[in-house]
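A structural walkthrough
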Amino acid sequence: MGKTMVEKILSKLSGREVSAGDLVVAPIDYAMAHDGTAPLAIKAFMEMGGERVWDPSRIIFIIDHVSPSTSIGTSKLHKLMREFARKHGIRLYDVGSGICHQVMVEEGYVKPGYIVLGADSHTCTYGALGAFSTGVGSTEMASIFLSGKLWFKVPETIKITVVDDPPSWIMGKDIILNIIGALGSDGATYKAVEFDGPVIEKLSISDRLTICNMVVEMGAKAGMIKPDEKTRRFLGEDLGRIEIAEPDKDAEYVDEYVVGVSRLEPQVAKPPRVDDVTSVTEVEGTEIDQVFIGSCTNGRVEDLRAAARILRGRRVKDGVRLLVVPASRRTYLKALDEGLIRIFLEAGGAVYSPGCGPCMGGHIGILGDDEICVSTSNRNFAGRMGSPRAKIYLASPLTAAASAITGKITDPRRFM
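My aim in this report is to walk through the structure given alongside it, one point at a time. (Residues numbered from 1 in each chain as written. Predicted model: local features only at pLDDT ≥ 70, side-chain atom pairs only at ≥ 80, totals over all residues. Heavy atoms only, no water.)

Thoughts on unusual backbone geometry
We count it as follows: Numbered from the N terminus, helices here are DSSP runs of H or I no shorter than four residues, and strands are runs of E no shorter than two. Each residue is assigned to one of three classes by its accessible area relative to the maximum for its type, calculated with a 1.4 Å probe on protein chains only: buried under 20%, partly exposed between the two thresholds, exposed over 50%.
Between Ser67 and Pro68 the backbone carries a cis peptide bond, its omega angle lying at 5 degrees. Within the secondary structure, Pro68 is located in the loop between strand S3 (59-62) and helix H3 (72-88). The backbone phi angle of Asp164 is positive, close to 80 degrees, even though this residue is not glycine. Mapped onto the elements of the fold, Asp164 is located in the loop between strand S8 (156-163) and helix H6 (172-183). Of note in this structure, Ser295 is not a glycine but carries a positive phi near 85 degrees. What makes Ser295 buried here is its relative accessible area of 1%.

As structure tokens, then:
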């Protein structure tokens with residue numbers, strides 16, 4: 001029986017042939033922690049008696065969640081990270097560098113066939129480049145700091161083939177929201193999800209990153225996409241020199257689904273569940289207070305371009321706040337060069353320093369009681385962006401931008 005992508009990667013790096021359900025110990029190519037998790041990992045590392053990390057060149061620290069600091073307590077945590085990184089020779093990306101997941105792919109820490117672990121649940125993003133990547137807890141991260149290894153139970157794999165020609169208004173966000181809505185929040189618990197098919201092949205790397213980013217919202221351990229020519233161009237490398245973990249034709253999958261998107265309408269996840277997904281037309285007209293365009297899901301330059309298509313020459317509705325946060329410094333600079341930042345500002349939006357921003361309610365964009373936000377982020381749980389009484393609707397950058405103009409949840413096709 002053939003192997004899935006995850007089975008191939010874990011077989012190669014563990015040094016033995018493994019299949020779904022096996023327990024393995026494998027070396028880690030890169031480990032990442034941010035200001036929400038690194039301080040706890042550092043504390044656990046010290047409690048374990050750690051004196052030196054296993055390989056400082058393989059550990060990445062990124063300050064992105066509350067960046068810059070908004071309190072003395074947060075500043076102390078940032079200082080702890082900086083001092084630990086300096087002591088051990090760890091590379092630290094400080095305030096303004098960007099969101100951890102965008103920085104990791106931009107800076108070349110993710111390659112096909114790698115195992116990349118992060119102390120953040122959306123580390124599954126990197127599977128879009130053919131790596132096995134998943135989130136771990138801070139204590140597990142501390143053990144990686146010590147040993148450079150971690151144990152895994154090889155996950156079963158679900159295969160999802162996406163077919164048909166998507167309309168021009170459909171983005172990767174719409175596709176993955178539709179899939180999450182169909183499978184449910186626990187539809188892929190502790191499983192890997194391989195995405196394949198002609199639509200995936202046509203999607204940009206940005207849209208692929210979005211899709212893999214959100215597999216954790218249906219319980220998945222990892223999202224995987226086979227590397228191709230677009231991957232090569234993104235990485236700037238000859239994939240012929242990299243051993244690609246391409247799934248075998250006779251690989252065994254626990255489930256297989258075919259998803260057609262030719263008739264798919266823009267999708268919206270209703271609060272407070274990511275899997276409560278519907279067409280934008282079903283919630284159109286809902287009045288809103290804030291729109292957030294950014295996050296590790298939809299803060300890349302392609303996302304900003306999409307939003308700018310709608311906002312160019314138009315104004316944000318009076319009484320509505322539009323917050324735009326580029327995913328990284330590189331993204332911000334590219335958006336500046338292309339005039340996108342000017343479009344957002346002239347429309348009446350506010351643009352902030354690269355980072356997580358409003359996504360997890362750490363600082364800017366905190367929602368008050370009963371406020372409603374359309375967000376391009378990945379979670380809409382009660383209290384996620386501020387008050388537990390606030391409501392968050394998840395949507396694509398196109399839908400978010402259209403909603404900012406009208407002050408209500410709006411079908412972006414009205415502006416296209």
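Read on for the rest.
Regarding the sheet that holds strand S11 (residues 255-260)
In any sheet, the strands associate via hydrogen bonds between backbone groups, in a parallel or an antiparallel arrangement. Selection criterion: By this definition, two strands are paired if DSSP reports at least two bridges between them. Note on geometry: axes are lines fitted to C-alpha atoms, helical ones only across the stretch in contact, with angles between N-to-C directions running from 0 to 180 degrees.
Sheet architecture is open: four strands sit in the order S10-S9-S8-S11, paired in parallel fashion. The outermost strands of the open sheet, each flanked by one partner alone, are strand S10 (222-225) and S11. In this sheet, adjacent strand axes meet at a mean angle of 25 degrees when their direction is disregarded. The pairing of S8 with strand S9 (residues 191-196) spans six bridges and is classified as parallel. Opposite Ile160, over in S9, you have Phe195 as the bridge partner.

Examining the packing of aromatic side chains
Test applied: Only Phe, Tyr and Trp rings take part, Trp by its six-membered ring, and two of them pair if their centres are within 6.5 Å. Stacked means planes under 30 degrees apart, edge-to-face means over 60, and tilted covers everything else. Should the NZ of a Lys or the CZ of an Arg lie within 6 Å of a ring centre and within 35 degrees of the ring normal, that charge is described as sitting over the ring.
Considering all chains together, one arrives at nine aromatic pairs under this definition. A ring pair is formed by Phe45 and Phe84, whose centres lie 5.5 Å apart and whose planes are at 85 degrees; its orientation type is edge-to-face. A residue pair is termed long-range when its members are at least 10 positions apart, and Phe45 in helix H2 (residues 38-47) and Phe84 in helix H3 qualify at 39 residues. Seen from their ring centres, Phe45 and Phe145 are 6.3 Å apart, and the 65 degrees between their planes marks the pair as edge-to-face. A residue pair is termed long-range when its members are at least 10 positions apart, and Phe45 in helix H2 and Phe145 in helix H5 (residues 138-147) qualify at 100 residues. Relative accessible area serves as the criterion here: at 0%, Phe145 is assigned to the buried category. Aromatic ring contacts, followed pair by pair, group Tyr30, Tyr93, Tyr109 and Tyr114 into a single cluster. We note Arg58 situated over the ring of Tyr30; from NZ or CZ to the ring centre the distance is 5.1 Å.

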